[in-house]
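# Notes for the structure review
Each chain is listed here by its residues.
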Amino acid sequence: IAYVILRQARVDNVPVFHAKGYGATTGIAKFFYKVEDYYDSYFSEESGLPLWFIRNINEGGYTKNLEIKFDHKKRVAKINDKKNNKRQEIKINPNAQDLISAFYYLRNVKNISQMKVGESININMFFDAENYLFKLKYLGTETLNTKFGQIQCRKYIPYVQSGRVFKAEE
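Thresholds, definitions, all that
Along each chain, residues carry numbers from 1 onward, in the same order as the chain's sequence is written. Where local features are concerned, this predicted model is filtered to residues with pLDDT of at least 70; where side-chain atom pairs are given and counted, the filter is 80 or more; whole-chain, interface and lining totals use all residues. By convention in this description, side-chain values take in all heavy atoms of the structure and omit both hydrogens and water. Take the buried Ala, Val, Leu, Ile, Met, Phe, Trp, Tyr and Cys residues and link them wherever side-chain atoms come within 4.5 Å; each set so joined is a nonpolar core. Whether a residue is buried, partly exposed or exposed follows from its accessible area with a 1.4 Å probe, protein chains only, as a fraction of its type maximum: under 20%, in between, or over 50%, in that order. In this text, helices come from DSSP runs of H or I with a minimum length of four residues, and strands from runs of E with a minimum of two, each type numbered from the N-terminal end. Residue contacts are counted whenever heavy atoms from the two residues lie within 4.5 Å of one another. Paired strands are those between which DSSP finds at least two bridges. Axis lines are fitted through C-alpha atoms, for helices just across the contact stretch, and the angle between N-to-C directions can take any value from 0 to 180 degrees.

### Points about the nonpolar core
Within the largest apolar cluster, 16 residues are counted, with the highest numbers of intra-cluster contacts made by Ile-68, Phe-70 and Phe-126. Among the secondary structure elements, those contributing two or more residues to this core are strand E3 (35–44), strand E4 (50–59), strand E5 (62–71) and strand E6 (76–81). By residue number, the principal contributor to this core is E5, which donates three residues. Aside from chain neighbours lying at most four places away, what touches Ile-68 is Leu-51, Trp-52, Phe-53, Ala-77, Lys-78, Ile-79 and Phe-126. In this structure, Tyr-105, Leu-106, Met-115 and Leu-136 belong to the second largest nonpolar core, which totals twelve residues.

### A word on the sheet that holds E4
Spatially, the seven strands line up as an open sheet ordered E1-E2-E3-E4-E5-E6-E7, and their pairing is antiparallel. The open sheet is flanked by strand E1 (2–11) and strand E7 (86–91), the only strands paired with a single partner. Put simply, the sheet's adjacent strands are angled 15° from each other on average, direction ignored. When E5 meets E6, the two strands line up antiparallel, connected through six bridges. Directly across from Lys-69, in E6, lies its bridge partner Lys-78.

Below, the structure written as structure tokens:
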């Protein structure tokens, strides 16, 4: 099960959107591999840039508990690794997005619904104390048959850094 809730809030007196995400395994699968992940992203209503990101995960015993404060003017991320009681400051690329704010950025700021087949978009991501270039390519449309009837969907393929979690970049 997974969900994201979006609300308006304020961080340091700046109007922001607060996206709160949760994901967990359900049913019999949780007995084999339990996942319970919490994410919070506070990002500017005006620019879509993240100000504060929280990641608290437990995936089959692998845990992380991070808080990241973004300072886009100084181009730094201040990371508080609560699990390991470690703080660090890392340079970020211009307009860096966190994992959650990136979805809203692509939807609202970049308006990916206007992309043409074969067109791609790149955004700077900051995840787990590292900068990444995230690429999203538009493949076209497909009609899916669902219990609600036929639904026309847009197909995208994300390109990720190969060699870490995924063997290929697609």
